[in-house]
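Chain by chain, the residues:
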Amino acid sequence: MPVLPVARPAGEDPRRRIPRTDRLLALPEVASAAAAMGERVVKDLVSATQDRARAGEIPPESVKEELLAALGQRTASSLRPVLNATGVIVHTNLGRAPLSPAAREAVQDAAGYTDVEFDLATGARYRRGAGARAALLAACPAAEDALVVNNGAAALLLATTALAGGKEVLWSRGELVEIGAGFRLAELVASAGARVREVGTTNRTHPADYRDACREGAAAGTVGALLKVHTSNYRVEGFTSEVGIDELAEIARERDLPLIADLGSGLLHPEPSLPQEPDATTALTAGADVVLTSGDKLLGGPQAGILLGRAEVIARLARHPLARAVRADKLALAALEATLSGPVPPVLAALRTDPAALQERTEHLAAQLDGRVVPHEGRVGGGGGAGVPLPGWAIALEVELAAPLRRGTPAVIGTVRGDACLLDLRCVPVESEDALVAAVTAARAEVTARTGTADGADGGAAR
Ligand SMILES: *Cc1c(COP(=O)(O)O)cnc(C)c1O
């Protein structure tokens, strides 16, 4: 191991004692880190650590030690693991659905070369993602065929463009949804060439509204499809009425038009804990020609857009040029298949959490963390169940812990309410409880060190 310079005559510029780049890169730990995560990343860390010494933030003698610590924390990507203690199950900012152990394993297996479009038995090219398709059809027998694309938005784009491109899509004014980050589904559909024709009003839409629009468009042949969109992230209450899929299917059949149903959430079957949430089986049975859902909402899998429906309609979608632009990647196909055929995914487990069991866990951990147990409602999140409260509990800790917990490793994201930082265990895996306790201990130590400095009691803890 190279010997790093130490004692030098007084008066010499301490910056000259900062270890040279080539010496640092030659350290065995640094060389093996460079082999694992790439030269660029490691060289950047080396210069960042040297810069800290040049700026006087750390003594030159600590450069090696600090570099090794930084390498230990550095991961191959900048995405960091997070403990979701918000109680919001499908949290788009936190990556939506955490994958099941089976899905994680599948992603790992598919990461290298894999037979995603190849038949190992015959040696011939094969339908891409056949395994995911088979798993979808097994999980949702009401569908004759299935297609997987990049995400829910892509599924909507493909369905409307392929089935109504250039013509009108009839869409209730009560269902013109804006999803996260300001994206409006109607603008998305219009961007690819289908024309959005709004029918009805914000609060009430009737079968006659669709029938009238169909009749007006019939002569000119301008209507291309009927669309039903689940209002997944809001609820309109009061004097309201909407047209159900069964009635829409009847109107669609009268005019020989396709009926597309964008369900958003990803339930394949009715979910007893969310009685208002639409599901693919019910929608297909009611007469939708194709239903669209996301893979990473309540289905609890990877980001994906899932199209289920009549064989002839799915075949039309699969042949459309846009299908190639929105196709699913092999990692998502692998994870989706494993999610469908594997154990109950974490999203559904969190949704179905037994309140009594959650209370017991919360009380146990609160005692360990010296916190209070307070009632706290969990939420399904943008993925569905708008306005549905999920009764539960949280651990109330000092509010000053919120920021250090967020910046720690793993990052812990809670909710700040009044003068408390609330940690809801609904979406925290049981096996991560020790990590959560360690994170709270570290956050408290950081707060104490900082407060100590402010008091002048511990001048050495600056930073
Ligand atoms: C979430 C959602 C989408 C978009 O799905 P992504 O998978 O986020 O692209 C489309 N329609 C509805 C009704 C949704 O809820």
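Residues numbered from 1 in each chain as written. Predicted model: local features only at pLDDT ≥ 70, side-chain atom pairs only at ≥ 80, totals over all residues. Heavy atoms only, no water.

> Can you break down the overall build of the protein chain residue by residue, with the values?
Along the protein chain, the regular secondary structure elements total 18 helices and 17 strands. The C-alpha extent of the protein chain, read off along each of the three principal axes, is 95 × 55 × 40 Å. In the protein chain, which comprises 463 residues, the proportion classed as buried is 43%. Within the protein chain, counting contacts between residues at least 6 apart in sequence, those at least 24 apart form 73% of the total. Carbon and sulfur atoms provide 53% of the accessible area of the protein chain, an area that totals close to 23,100 Å². Once the 49 positive and 57 negative side-chain charges of the protein chain are each reduced to a mean point, those two points are 6 Å apart. (Helix = DSSP H or I, 4+ residues; strand = E, 2+ residues; numbered from the N terminus. Buried < 20%, exposed > 50% of the residue type's maximum accessible area, 1.4 Å probe, protein only. Contact = heavy atoms within 4.5 Å. Areas by Shrake-Rupley, 256 points an atom, 1.4 Å probe, with all protein chains shown as cover. Lys, Arg positive; Asp, Glu negative; His and termini not counted. Charge placed at Lys NZ, Arg CZ, Asp CG, Glu CD.)

> Provide a residue-level description of the site of the ligand, including the pertinent values.
Neighbouring residues of the ligand: 13 residues in total, closest Ala153, Ser232, Asp262, Ser294 and Lys297. Here Ser232 contributes a side-chain N or O atom positioned 2.5 Å from an oxygen atom of the ligand. In the environment of the ligand, a nitrogen atom lies 2.6 Å from a nitrogen or oxygen atom belonging to the side chain of Asp262. For the ligand, the accessible surface in isolation is 380 Å², of which the surrounding protein chains cover 95%. Counting residues per element, the ones that place at least two in the shell around the ligand are helix H7 (152-164) and strand E9 (259-264). (Near = heavy atom within 4 Å. Polar contact = N/O pair within 3.5 Å; in protein donor to acceptor, adjacent residues only side chain to side chain.)

> Please set out the pattern of salt bridges residue by residue, giving values where relevant.
Inspection of the entire model under this criterion finds 31 salt bridges. Close ionic contact of Glu117 with Arg125 constitutes a salt bridge, the shortest N to O distance being 2.8 Å. Overall, Glu117 belongs to the buried group, its relative accessible area being 19%. Of the residues examined, Arg125 reaches a relative accessible area of 68% and is grouped as exposed. Salt bridges sharing common partners tie together Glu117, Arg125, Arg128 and Arg327. (Salt bridge = Lys/Arg side-chain N within 4 Å of Asp/Glu carboxyl O.)

> So what's going on with the packing of aromatic side chains? Residues and values would help.
Within this structure, the stated rule accounts for 0 aromatic pairs. The lysine or arginine in question, Arg204, covers the ring of Phe239, its NZ or CZ lying 3.8 Å from the ring centre. (Phe/Tyr/Trp six-rings, centres within 6.5 Å; stacked < 30°, edge-to-face > 60°. Lys NZ or Arg CZ within 6 Å of the ring centre and 35° of its normal.)

> Which residues make up the packing of helix H3 (residues 39-54) against helix H4 (residues 63-73), and what values go with them?
Where H3 contacts H4, the two axes come as close as 10 Å, and the packing angle between them is 140°. Relative to H4, the element H3 is oriented oblique. You can see that H3 and H4 cross each other, and the crossing is right-handed. Residues Val42, Leu45, Val46, Thr49, Arg52 and Ala53 of H3 lie in contact with H4, whose contacting residues are Val63, Glu66, Leu67, Ala70 and Leu71. Its residues placed into classes, the contact of H3 with H4 shows 8 nonpolar, 1 polar and 2 charged. (Axes fitted to C-alpha atoms, helices over the stretch in contact; angles between N-to-C directions. Parallel < 35°, antiparallel > 145°, perpendicular 65-115°, else oblique. Left-handed = near helix turned anticlockwise from the far one by under 90°. Nonpolar A, V, L, I, M, F, W, Y, C, P; charged D, E, K, R; others polar.)

> Hey, could you go over the side chain of Thr362 for me, with residue numbers and the actual values?
On the secondary structure map, Thr362 appears in helix H16 (residues 355-369). Beyond its immediate sequence surroundings of up to four residues, Thr362 is in contact with Val373, Trp393, Ala394, Ile395 and Leu425.

> Kindly report on the sheet that holds strand E16 (residues 415-417), identifying the contributing residues and their values.
What links the strands of a sheet is backbone hydrogen bonding, and the strands pair in either a parallel or an antiparallel sense. Spatial ordering of the open sheet is given by E12-E14-E17-E16, a layout of 4 strands whose pairing is antiparallel. Two strands close off the open sheet at either side, each with one partner strand: strand E12 (372-375) and E16. The average angle at which neighbouring strand axes cross in this sheet is 40°, direction not considered. Where strand E14 (residues 393-398) meets strand E17 (residues 420-423), 4 bridges bridge the pair, whose relative direction is antiparallel. Of the residues in E17, the one forming a bridge with Ile395 is Leu423. Against the sheet, H16 touches E12 and E14, its axis set at about 15° to E14. (Pairing = 2+ DSSP bridges.)

> Before we move on, can you summarise the domain arrangement of the protein chain with the specific residues and values?
Here the domain parsing of the protein chain yields domain 1 (14-73), domain 2 (82-91 + 349-462) and domain 3 (100-342). Just the C-alpha atoms count here: the centres of domain 1 and domain 3 sit 51 Å apart. (Domains from an automatic or database assignment.)

> Describe unusual backbone geometry, with residues and values.
Here the bond from Thr409 into Pro410 is cis, since omega is -5°, no more than 30 degrees from zero. Looking at the element boundaries, Pro410 is found in the loop between helix H17 (402-407) and strand E15 (411-413). Non-glycine residue Asp256 carries a positive phi angle of around 55°. If you check the backbone angles, Asp370 has positive phi at about 60° while not being a glycine. Tracing the sequence through the fold places Asp370 in the loop between H16 and E12.

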